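Residue-level listing of the chains:
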Amino acid sequence: MVNIVEQSISQAMDEPDDRMMFTRVKDIVARHLRRMDPGATVTKTEFFNHTHVPDMVLEWPGRPRTPRRFVYLRTTSDQRELEDDLQRLPRADRPVLLALGQLPTARQQGDLSPLPGSSTALLLDASALDALQPADDSPGIPRLVSRSVLEGGRGTLDKAATEEFLNTVVQGAEAARVGERVPTRDAVDALTARMTTDVADRMSTFLAALWQGGGSTLASFPAPQRGVGHLDETALMYLLESADIADTAFWNRVVRMISLPILLRTPAAGTGNLQHLMREAIQLWTSRVCMIVPGAADADISPWRWAVKAGQLILQTPRFHVLVAQSRRQLPQGQEHDLPRLDEVRNRADRFGIPLTSLRMVVTDRHVGYGGPGDDISHDAQLDGISDALGQAEGVIEADARIPSGETLQCLFGTGIASARGARTQVPLDALLGTTTRLLSDLSSDEAEKITQLLGAQGPPPDQPWSQPSFDDV
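Bear in mind the structure is a predicted one, so any value in this text is a computation, not a measurement.

The nine strands lie next to each other as β9-β10-β11-β8-β16-β15-β14-β12-β13, forming an open sheet whose pairing is antiparallel. Every other strand in the sheet has two partners, leaving β9 (305–309) and β13 (366–371) as the edge strands with one partner each. Here the strands of the sheet are splayed against their neighbours by 20° on average, with no regard to which way each runs. Note that strand β10 (residues 312–316) and strand β11 (residues 320–325) share four bridges and pair antiparallel. Considered in β11, the bridge of Leu-313 is made with Val-324. Here helix α12 (residues 272–281) sits on the sheet and contacts β9 and β10; the angle it forms with β9, its principal contact strand, is near 105°.

Structure below.
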């Protein structure tokens, strides 16, 4: 099989002009590094084959806790010379030494002299770089392994060692899903040997999530229990961007290892696995506030899907987006919405069984409020009299809506924002988004049905009147 990377580098190095040759080689290597991890930024320096100055710098702007790596290109394939170079480079830079040819093929993986266990340096050749190129049509585990090697690979990788490492981790991930100990343990051991401690721990956490999601207990996971009970944003990213997992029971277990704040820090746009995760999370997670933003769906994300973008959870529909946040400060400045009339708001509340406990309306420059002790006022006869007296010209500024779990949402029609009453109150996501979309937007029958599919039905209100505790009582 033709080694595309090595062949293209070899052709570039035949360029008679040195400056042009340097540029072409760097462009080829940078392109293949970006394929390994599209989230990485590759910055090329003005140097080439320099002893101490890197040819490239790898950084991850979307993952600020990931340390940068310096990449050094080498025209030699002499193993001892390369290893001597690695010993001289600062550990803090997590140096990557890339031999532009092949390491000696006569030496098998077991004969390659290992780097020290504490090393953060990676030595690989062009054939290994080729083996790490993920297939364009498969997100899968190989893509995650390639990304992990770029971020935290260490030791020596030639083609044979790379392929064996890939196969071990892929088989381990498949084994973890069905609770097979030996292949899973082999994968954890390979990650420990081939990755820096932080990246090995994240990948082990990812395997532990597959293990638990498949129904096995965390206590039986064949690896040290160092932080594998919860997913951080990078491990969650690995999971969301892996091959599609449609098993409902799997996500029902995994969602308990994650929280909404972790998801909001995860650089995942709108993957298929995010849709599966949110179907389970919508009833378990809580938040405080959400906002309806008018507008068409983004071209790069299908409508009626969940997405995480710029630190926000978004329910995207063809006609509007719903943004979820932990506080109003995290929401953008939105455009003003037209105020609905009282009869429109009452019809929406009646259509979806949403109890309204208070209303505030405006007529020209006068405000009118109507409320009670926490019971549903939407069918009060007095409201008919108020509407008649105001001549059907009133606009509803805000309404308090009681949700099935008993809390109250303050729904502001002018800004499209709904937030939980109470300084620290968190409410279930399904009720927060469901009540907001149904009360603050005039849904068509098709939209209402789709909202029910994504968020569940509105649900019956509590039998007993409910009142919000004061801040001092929380």
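This part covers empty space enclosed by the protein. Per the stated rule, a full pass over the model turns up one cavity of 30 Å³ or more. The space that makes up the largest cavity amounts to roughly 70 Å³. As for the largest cavity, its lining consists of Leu-33, Met-36, Val-71, Val-96, Leu-98, Leu-122, Leu-124, Leu-129, Val-149 and Leu-150. Of all the elements in the fold, those that place two or more residues in the lining of the largest cavity are α2 (18–36), β4 (96–99), β5 (122–125) and α5 (140–152). Of the residues belonging to the lining of the largest cavity, the class tally is 10 nonpolar, no polar and no charged.

Now for the layout of surface pockets. In this structure, the largest pocket spans a volume of roughly 310 Å³. In this structure, the largest pocket is lined by 19 residues; those nearest its centre are His-337, Asp-338, Leu-440, Ser-441 and Asp-442. When residues of the lining of the largest pocket are traced back to their parent elements, those giving at least two are β8 (289–294) and α13 (342–352). A per-class count over the lining of the largest pocket returns eight nonpolar, five polar and six charged.

Bringing the packing of aromatic side chains into the picture now. Remark: the centre distance and the inter-plane angle together describe each pair of aromatic rings, the angle taken between the planes. Counted under the stated rule, the structure contains three aromatic pairs. Their ring planes at 75° and their centres at 5.7 Å tell us that Trp-211 and Phe-221 sit as a pair that is edge-to-face. You can see Trp-211 sitting in helix α8 (residues 197–213) and its partner Phe-221 sitting in the loop between α8 and α9 (233–240), a full 10 residues away along the chain. Geometrically, the ring pair formed by Phe-250 and Trp-251 is edge-to-face, given 5.1 Å between the ring centres and 85° between the ring planes. The residues Phe-250 and Trp-251 share a single accessibility class, namely buried. Above the ring of Phe-250, the side-chain terminus of Arg-177 is found at 5.1 Å from the ring centroid.

Attention now goes to the side chain of Asp-93. With respect to the helices and strands, the residue Asp-93 is situated in the loop between α3 (79–88) and β4. Summary of buried charges: Asp-93 has no salt-bridge partner, and the nearest side chain of opposite charge, Arg-68, is 4.7 Å away. Those residues within four positions of Asp-93 in sequence are excluded, and the remaining contacts are Arg-68, Arg-69, Phe-70 and Tyr-72.

Moving on, we come to the sheet that holds strand β6 (residues 155–157). Sheet architecture is open: six strands sit in the order β1-β2-β3-β4-β5-β6, paired in mixed fashion. Across the chains shown, the open sheet's two edge strands, defined by having one partner strand only, are β1 (41–44) and β6. Neighbouring strand axes in the sheet, compared pairwise and without regard to direction, differ in orientation by 20° on average. Pairing of β5 with β6, which is carried by three bridges, proceeds in the parallel orientation. What sits directly across from Leu-124, in β6, is Leu-157. In this fold α2 packs onto β1, β2 (56–59), β3 (69–74) and β4, with an angle of close to 170° to the strand it touches most, β1.

Definitions and cut-offs
- Residues numbered from 1 in each chain as written.
- Predicted model: local features only at pLDDT ≥ 70, side-chain atom pairs only at ≥ 80, totals over all residues.
- Heavy atoms only, no water.
- Pairing = 2+ DSSP bridges.
- Helix = DSSP H or I, 4+ residues; strand = E, 2+ residues; numbered from the N terminus.
- Axes fitted to C-alpha atoms, helices over the stretch in contact; angles between N-to-C directions.
- Contact = heavy atoms within 4.5 Å.
- 1 Å grid on protein atoms, 1.4 Å probe; cavity = no way out; pocket = protein on both sides within 12 Å on 5 of 7 lines; lining within 4 Å.
- Points joined across faces, edges and corners; volume = space filled by probe spheres on them.
- Nonpolar A, V, L, I, M, F, W, Y, C, P; charged D, E, K, R; others polar.
- Phe/Tyr/Trp six-rings, centres within 6.5 Å; stacked < 30°, edge-to-face > 60°.
- Buried < 20%, exposed > 50% of the residue type's maximum accessible area, 1.4 Å probe, protein only.
- Lys NZ or Arg CZ within 6 Å of the ring centre and 35° of its normal.
- Lys, Arg positive; Asp, Glu negative; His and termini not counted.
- Salt bridge = Lys/Arg side-chain N within 4 Å of Asp/Glu carboxyl O.

Read these as spatial facts, not as claims about activity.
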